[in-house]
Amino acid sequence: MLRRTEPLFQSLGTSPDCHSSSNIIESGLDISSTSPLRTGEKEPTHAGFAASLTPPLRTAHAPPLLPRIPRRLPVPGRSQRAAPPPRQSRRAPRAMAAPALCRRCGRPAGLWGLARARLPPPPRRRAHEQARRARGAAGLLAAQCERGLFQEVFPAQSAEEQLPALLEPGRPPLAAYCGFDPTADSLHVGHLLPVMALLHFQRAGHDVIAVVGGATARLGDPSGRERAREPLPAGQVRAQARALRAGLARLFGNHRELFWEPGAGRLGRAALLDNARWLGREPLLRFLGGAGGRLRMGTLLSRQSCQARLRSAEGMSLAEFLYPALQAYDFLHLHQHHGCRIQLGGHDQMGNIMSGYELVTKMTGTDVFGITVPLITSTTGDKLGKTAGNAVWLNRDKTSPFELYQFFVRQQDNVVEKYLKLFTFLPLEEIAHIMEMHAKAPEKWGPQKRLAAEVTKLVHGKEGLESAKRCTKALYHSSVEALEEMSDQELEELFRQATSAELMLEPGMTVLDLCRKANAIPDGPSGYRKITDGGVSINGNRVTDPETVLILGQHILKNGVSLLRVGKKNYYIIKWLQL
């Protein structure tokens, strides 16, 4: 006999500590510039908050289809086989490619990247005019499908009938959300596209919610995985959730400060929430009797990720199997308390988004929608992320601004235009102009440099972008001025594998003495020949005379540092004491 009802996540180690005021709680943080939420404020009810955010539904009736023309005309005198009665379809709602949605709604196909060659080229407009055009007749949905950011919408039928009208400029704002599980203490480049989708919703005047999965990270999303994640301790999950919230807040803050003009219109509110706030307090029996009774086993078992894991040798745990149910409950909770009607996610999240749609519609009767964004892959086709071991992190202590900048500078010509549309807010006409200039002077790498600058500024701000440019000049252009302006942190980030040494400058100290004190060359004649053969450079300048005396301002920079290189890849950072 059960004597008490345990919270859903209490057995997993989630304690009330994770809901303290130091964390970002459900209604306690609004990082936008308007309508701030107050700490301790009660959650708004669905009737209140949703009424202010969610417009009344409009039904758009599709035009009647033309009668189908038979392939062959009936032959007189020949008996005709009676046509079978039409079958009643019982299939579940399906997803629709976003460009197809616009085409079926009767909009010009060119707005969605289709049949653009048949349309005359649009007239040139300046950046602010282009932004105004994107917020005009085309609308958010059409504009982002043209950029390639929105890949699929779900469910197809109700999205076709309602979503374009709900997102039209001038309508009341909607609320959209996207979830990020703290399986690491930093976001990576693969997370940037869902964040960009949230930012585009915010720029269109809609309210956005970034949910950190402080509860769901304890289970692990089985989507796209061949084996279960290693279980994470509760304390580690809470620490990583705090780091993710700080990273998300930095992205939203940089966007508001550097990419949004105050007079451009309403910038939607942005809130950061943690699903441990509600899942950690949800009793297990109430969850199973409520949400669990609305989700169908057959639907959950039919998901591709579930089928693949069930056929594997390792199988699938109950915790992983219930992950889509908990993510669906997130959607339900956000809909009931924040009026959220749109869930965003990567293309591999479509199964979880479908579960959320099923739960919300069955329990509330309201039409909600899902929109997926493309997955970023490497040149070998692997998804970028921690699991594949190829993550490019957004936290500076894991990937420096210089390394992030160089990642985008090294992108090939066949993807750079696509990435400019996905990762930046540049108008499409400006992107087309950049590509035209690139065709005339490809050796300048203009699109790659602009892409790297825009992304680095969004992730690390102006300071991070300037740091990346200084490091680039110092490393690839042998700029002594850039080296002198670099901080100790930048030197350590630029030369992560470099050996550091602190030396005292002695009178008459030579290049040979420096190399030997830094243990950069072997003792004896071989080390001497290493210098004479041109294998040693100081601050980017090759030195071939081992007996050259070190000179302040030439071999020792104004910031008291010397950058010694032996061979092609062996760097030594020399910090001079008591100059």
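Rules used in this analysis
Residues numbered from 1 in each chain as written. Predicted model: local features only at pLDDT ≥ 70, side-chain atom pairs only at ≥ 80, totals over all residues. Heavy atoms only, no water. Helix = DSSP H or I, 4+ residues; strand = E, 2+ residues; numbered from the N terminus. Buried < 20%, exposed > 50% of the residue type's maximum accessible area, 1.4 Å probe, protein only. Contact = heavy atoms within 4.5 Å. Salt bridge = Lys/Arg side-chain N within 4 Å of Asp/Glu carboxyl O. pLDDT = per-residue confidence, 0-100. Phe/Tyr/Trp six-rings, centres within 6.5 Å; stacked < 30°, edge-to-face > 60°. Lys NZ or Arg CZ within 6 Å of the ring centre and 35° of its normal. Core = buried A, V, L, I, M, F, W, Y, C linked by side-chain atoms within 4.5 Å. Pairing = 2+ DSSP bridges.

## Let's talk about the overall build of the protein chain
In step 1: Of regular secondary structure, the protein chain possesses 22 helices and 12 strands.
In step 2: By residue count, 49% of the 579 residues in the protein chain fall in the buried class.
In step 3: For the protein chain, the proportion of contacts with a sequence separation of at least 24, taken over those separated by at least 6, is 77%.

## Overview of helix H4 (residues 139–147)
In step 1: Here H4 lies mainly inside the structure; nine of its nine residues are buried.
In step 2: Here H4 has its buried residues at Gly 139, Leu 140, Leu 141, Ala 142, Ala 143, Gln 144, Cys 145, Glu 146 and Arg 147.
In step 3: Looking one or two places after H4, you find Gly 148, whose phi comes out positive at around 90°.

## A word on the pattern of salt bridges
In step 1: Taken as a whole, this structure holds 14 salt bridges when the rule is applied.
In step 2: Ionic pairing is found between Asp 207 and Arg 266, a salt bridge with its closest N-O pair at 3.0 Å. Linking Asp 207 in strand E4 (residues 207–212) with Arg 266 in the loop between helix H7 (234–258) and strand E5 (270–274), this pair joins segments that are 59 residues apart in sequence.
In step 3: Put simply, Glu 493 and Arg 396 hold a salt bridge, and the shortest N to O gap is 2.7 Å. Taken together, the residues Glu 493 in helix H20 (residues 488–494) and Arg 396 in the loop between strand E7 (369–373) and helix H15 (401–409) connect sequence positions 97 residues apart.

## Observations regarding the confidence of the model for the protein chain
In step 1: Overall, the predicted model of the protein chain reaches an average pLDDT of 80, with 76% of residues at or above 70.
In step 2: Segment residues 1–5: pLDDT under 50, and four contacts once partners within four positions in sequence are set aside and those in other chains are kept.
In step 3: Low pLDDT (under 50) marks residues 10–28, which in the prediction has 41 contacts with non-local residues, meaning those over four places away or in another chain.

## With respect to the packing of aromatic side chains
In step 1: Taken as a whole and judged by the stated rule, the model has 10 aromatic pairs.
In step 2: Taken together, a centroid distance of 5.7 Å and an interplanar angle of 55° make the contact between Tyr 177 and Phe 331 tilted. With Tyr 177 in strand E3 (residues 175–180) and Phe 331 in helix H13 (residues 323–338), this pair connects stretches of sequence that are 154 residues apart. Each member of the pair, Tyr 177 together with Phe 331, is buried.
In step 3: Arranged with centres 5.3 Å apart and planes meeting at 85°, the rings of Tyr 419 and Phe 423 form a pair that is edge-to-face. With a gap of four residues between them, Tyr 419 and Phe 423 both fall in helix H16 (residues 413–423), about one helical turn apart.
In step 4: A cation over a ring is seen here: Arg 203 above Phe 425, with NZ or CZ 4.4 Å from the ring centre.
In step 5: A cation over an aromatic ring shows up here: Lys 398 above the ring of Trp 393, its NZ or CZ 4.7 Å from the ring centre.

## A short note on the nonpolar core
In step 1: Judged by nonpolar contacts, the single largest core of 69 residues is most densely connected at Phe 201, Ile 342 and Phe 423.
In step 2: Not counting residues within four places of it along the chain, the set of residues in contact with Phe 423 comprises Val 189, Leu 192, Leu 193, Met 196, Ile 376, Phe 408, Leu 451 and Val 455.
In step 3: If you look at the next biggest cluster of nonpolar residues, it comprises 30 residues, including Ala 215, Ala 276, Trp 278 and Ala 328.

## With respect to the side chain of Asn 539
In step 1: Mapped onto the elements of the fold, Asn 539 is located in the loop between strand E9 (536–538) and strand E10 (541–542).
In step 2: For Asn 539, a relative accessible area of 0% gives the class buried.
In step 3: Setting aside its immediate chain neighbours within four residues, Asn 539 contacts Val 480, Leu 483, Gln 554, His 555, Ile 556, Leu 557, Val 561, Ser 562 and Leu 563.

## Considerations on the sheet that holds strand E12 (residues 570–577)
In step 1: Taken together, five strands build an open sheet; the order of strands is E8-E12-E11-E9-E10 and the sheet is mixed. Only two strands of the sheet have a single neighbouring strand rather than two, namely strand E8 (499–504) and E10.
In step 2: In the sheet, strand E11 (residues 561–566) pairs with E12 via six bridges, with the strands oriented antiparallel. Within E12, the position partnered with Leu 563 by the bridge is Ile 573.

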